[in-house]
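# Structural description and commentary
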Amino acid sequence: AVPPRRMDSVLDILDTLESPARGGSPGTAAALGRGLGVCSTPGCQAVLGEPPSTPKRPSALTPGQWQLLTELLRRDPATPELGAVLAPDGSTVALGPLLAGIEVGLRSGGFGPPLPTLDPPADPLLAVTIAEALGTSFLLARGGDNNATTLGPSGCWDNVENPQNYTLRGPPSPVPDHVAIGAMDGVVLGVQLAQGPLPVAELLRGYYGVGNGSEVGRPPSSYRRRDFAMLVEQGRLEKEVAAVLGMLRTLSPSLELLRDMGTQEVVAVARQAAQEFSERYVECPAIMPRCLWGARPYRGTPALLRPPLGSVFLHHTLEPAQPCWTFSACTRAMRDMQRFHQDTRGWDDIGYSFVVGSDGYLYEGRGWQWVGAHTKGYNTQGFGVGIVGDFTATLPDPDTLALVRDELLPCAIRSGHIRPDFTLHGHRQLGRTNCPGNALFQEIQSWPGFQ
C-alpha cells in the first residue's frame, strides 16, 4: 500500500534512509531526491551538479514507500500537484524545493562536495528553492500570454486525515502555492543546516511538529512567512532573481525569451516577481480554504458582495472559549461553529467572513465574495472577522493580534477588498452584545480605522 501523502509518511522514509545501521547518513535522502528528479531545471543543476543515474529502490523501503517518494520527487511541470504533501500545520508543501534547499544547506555546512561559485554571483540556496522558479514564471508571462498565471493557485486534499489526492483550484503557474511554501521552508531549513548538519528527519520533525493529530501547540513551520522575511527581504529576493536569470542566459539555449532581453528588462521582471511574491506569500496571511477544514456546503443561494467594502467588524467566537493552537483544533472549531450556525441558528452557512486561529492561519468562512451573517443590519457593508476564543478578560496572544492588525487589514486594502479609508468596529457598537469581549474591544480602539 502507498502511504498517505503526509509529512509523517516522508519522515518515516527519511528515518529509514538516514539510519546509520542501514548504511544511511544525513545526505542520503537529498542525493536520492536528485536521482529521482528534484533538480531537473538548468539553474538547479548549475548549483547542485548533474543528477546521478536513476536510483533503484533501497531494500530498506517498502514498494509503497518507494512509489510515494518517486511520485513526490519526479518533477513534471504538467502535474505539479503530484509533488505535494500535507504538513501537520495544515499547509501543503512541495517536497522538491524543500529537499533542494536541504541539500544546499548540508553542503554549505561542509557535508558533501563544496558548492560551485556561480557567475554571475548568486545565492545557491535561493537559486534552487525560489529564484529560478520565480524568474522563469514571470519571464514566461511577460514573453507570451499576458493572462498567464504567475503565482498560485492553492489546492484541496480529498481527505485531510488520509490525504491521497491534491487538486489545484485553478490553472497552475510554475509557482503554485505548495511550491512557494516548499521553497520558503527550504530556505529556512537550509540556513539552519548550513550552521551544523543534523539528521534531516530530526530537523523536519522539529520544524513541522510530530503527527497530524498533534495538539502540542504551534509548530515552527507556521512562522515560515515571518522567518523567511527575516532572511530574505524583498530587495534581496529581487537581486537574486535577476542574478539567476543572468545565469540562465549563459546556460540555457532553451530559454529563448532571455536572448532578446536587455539587462533593464531582466531587472524589471525580477522586480515584479519579487514584489508580487512578497505581497502574496510574505506580507499577507495564509488562508485555509473551506475544503481544508471540512466545510459543509452552503445552504441556499449566496449573495455577492460588491468590493471594495467600507467596514470590518471584529468578533470573538465565545464558543469555543479557548483559542485553538493547532490545525486539528482549529478545523474542529470551524466545523463546530458551522454546525451551530446552520443547525441551531438556521443560517445558510457559518456566519463569519473569516475566522482567526492562534495557529497562525486565517480560516475561510464566507470569504471575500459572499455576504455573511455576522453583524445584523450591516452584513453587506463589511467583512466579519472572528477570533477563536473568549476575550472578555484576556487578550489573544500578540502574534494573533498582529496577524489581524498588521497583515490581514493592510493586505485587504492592497488587494481591493476593503477601502483605504475603511472603518473598524467591534460587534458591540452595532448590536446588543458584549462581543468581541471587554479585553479585545479595549485593544482594538488603538488600531488603524477604529471608530
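Starting afresh in each chain, residues are numbered from 1 along the sequence in its written order. Only residues with pLDDT of 70 or above have their local features reported here, since the model is predicted, and side-chain atom pairs are shown and tallied only from 80 upward, although totals for entire chains, interfaces and linings are computed over all residues. Side-chain figures throughout are based on the complete set of non-hydrogen atoms in the structure, without hydrogens or water.

### Overview of the overall build of the chain
Counting its regular elements, the chain contains 16 helices and 10 strands. Note that the radius of gyration is over C-alpha atoms, with the globule rule given as 2.2 Å times the number of residues to the power 0.38. By the compact-globule yardstick of 22 Å for 451 residues, the chain fits well, its C-alpha radius of gyration being 23 Å. Overall size of the chain, expressed as C-alpha extent along the three principal axes, is 70 × 55 × 40 Å. For every residue, the accessible area (1.4 Å probe, protein chains only) is compared with the maximum for its type, and the residue is labelled buried under 20%, exposed over 50%, or partly exposed between those bounds. Burial status across the chain gives 56% buried among its 451 residues. A fraction of 73% describes how many contacts in the chain between residues 6 or more apart in sequence connect residues 24 or more apart. Of note, the chain has its 37 positive side-chain charges centred 4 Å away from the centre of its 44 negative side-chain charges. Elements are defined by DSSP. Helices are runs of H or I of four residues or more, strands are runs of E of two residues or more, and each kind is numbered from the N terminus. Here a residue-residue contact requires only that any non-hydrogen atoms of the pair lie within 4.5 Å. Positive charges are assigned to Lys and Arg, negative charges to Asp and Glu, while His and the chain termini are left out of the count. To locate a charge, take NZ of a lysine, CZ of an arginine, CG of an aspartate or CD of a glutamate.

### Here we look at the UniProt feature "domain: N-acetylmuramoyl-L-alanine amidase" (unreviewed entry) in the chain
UniProt positions are given in the numbering used here, feature names are shortened, and annotations may be inferred rather than shown by experiment. UniProt annotation of "domain: N-acetylmuramoyl-L-alanine amidase" (unreviewed entry) refers to residues 301–437 when read in the numbering used here. Helix makes up 26% of residues 301–437 and strand 21%, whereas the separation of the span's terminal C-alpha atoms amounts to 32 Å.

### Some thoughts on helix H5 (residues 95–108)
Compared with the 20 Å implied by 1.5 Å per residue over 14 residues, the 20 Å span of H5 between its first and last C-alpha is a close match. Among the 14 residues of H5, 13 are classified as buried, and the element is accordingly described as predominantly covered. Looking at the residues trailing H5, positive phi occurs at Gly110, about 90 degrees. Helix span, as expected, comes to 1.5 Å for every residue beyond the first.

### Describing the UniProt feature "domain: Peptidoglycan recognition protein family" (unreviewed entry) in the chain
Mapped onto this numbering, the UniProt entry annotates "domain: Peptidoglycan recognition protein family" (unreviewed entry) at residues 285–431. Annotation note: span residues 285–431, helix share 27%, strand share 21%, distance between end C-alpha atoms 29 Å.

### Details of unusual backbone geometry
Peptide bonds are mostly trans, and most non-glycine residues show a negative phi. The step from Gly152 to Pro153 runs through a cis peptide bond, and the omega angle for that step is 5 degrees. Tracing the backbone through its elements, the reader meets Pro153 in the loop between helix H6 (124–143) and strand E3 (155–157). Here the amide bond leading from Cys435 into Pro436 is cis, since omega sits at 10 degrees, within 30 degrees of zero. Of note, Pro436 is situated in the loop between strand E10 (418–426) and helix H16 (438–444).

### Thoughts on the sheet that holds strand E5 (residues 287–288)
Judged by pairing direction, the sheet is mixed, and its six strands sit side by side in the order E5-E8-E7-E9-E6-E10 without closing on themselves. Edge positions in the open sheet fall to E5 and E10, since each of these has one partner strand only. Here an axis means a line fitted to C-alpha atoms, over the contact stretch when the element is a helix, while the angle between two N-to-C directions is reported on a 0 to 180 degree scale. Each of strand E6 (309–316), strand E7 (354–356), strand E8 (362–364), strand E9 (382–387) and E10 touches helix H15 (residues 398–414); the most contacted strand, E10, lies at about 145 degrees to it. Strand pairing is assigned whenever DSSP identifies at least 2 bridges connecting the two strands.

### Brief notes about the pairing of E9
For E9, the buried fraction is high: six of the six residues fall into the buried class. Sheet analysis places E6 next to E9, joined by six bridges and oriented parallel. Residue pairing in the sheet places Leu314 in a bridge with Val385 of E9.

### So, the pattern of salt bridges
When a carboxyl oxygen of Asp or Glu lies within 4 Å of a side-chain nitrogen of Lys or Arg, that pair is called a salt bridge. Counting across every chain of the model gives 20 salt bridges. Linking Arg224 and Asp89 is a salt bridge whose minimum nitrogen-to-oxygen distance equals 3.4 Å. A residue pair is termed long-range when its members are at least 10 positions apart, and Arg224 in helix H9 (residues 224–231) and Asp89 in the loop between strand E1 (84–86) and strand E2 (92–94) qualify at 135 residues. The two residues Arg224 and Asp89 agree in class, both being buried. Asp343 is paired through a salt bridge with Arg299; the nearest N and O atoms lie 3.1 Å apart.

### Digging into the state of the cysteines
In this description, the term disulfide denotes a pair of cysteine sulfurs within 2.5 Å. Evaluated as defined, the whole model comprises four disulfides. Each disulfide pairs two cysteine sulfurs, and for Cys156 the partner residue is Cys291, the sulfurs being separated by 2.0 Å. Across the disulfide from Cys156 to Cys291, rotation about the S-S bond amounts to roughly -80 degrees, and the bridge is consequently left-handed. Taken together, the residues span a long stretch of sequence, with Cys156 in strand E3 and Cys291 in helix H13 (residues 290–293) at a distance of 135 residues. Looking at Cys156, the relative accessible area reads 18%, which means it is buried. Judged by relative accessible area, Cys291 falls into the partly exposed class, the value being 30%.

### Looking at the packing of aromatic side chains
Any two rings among Phe, Tyr and Trp, with Trp reduced to its six-membered ring, count as a pair given centres within 6.5 Å; such a pair is stacked if its planes are under 30 degrees apart, edge-to-face if over 60, and tilted if neither. With the rule as written, the count across this model stands at eight aromatic pairs. A centroid spacing of 5.0 Å and a plane angle of 85 degrees characterise the contact between Trp368 and Phe383, whose relative ring orientation is edge-to-face. Of the two residues, Trp368 sits in the loop between E8 and E9 while Phe383 sits in strand E9, which places them 15 residues apart along the sequence. By relative accessible area, which is 22% here, Trp368 ends up partly exposed.

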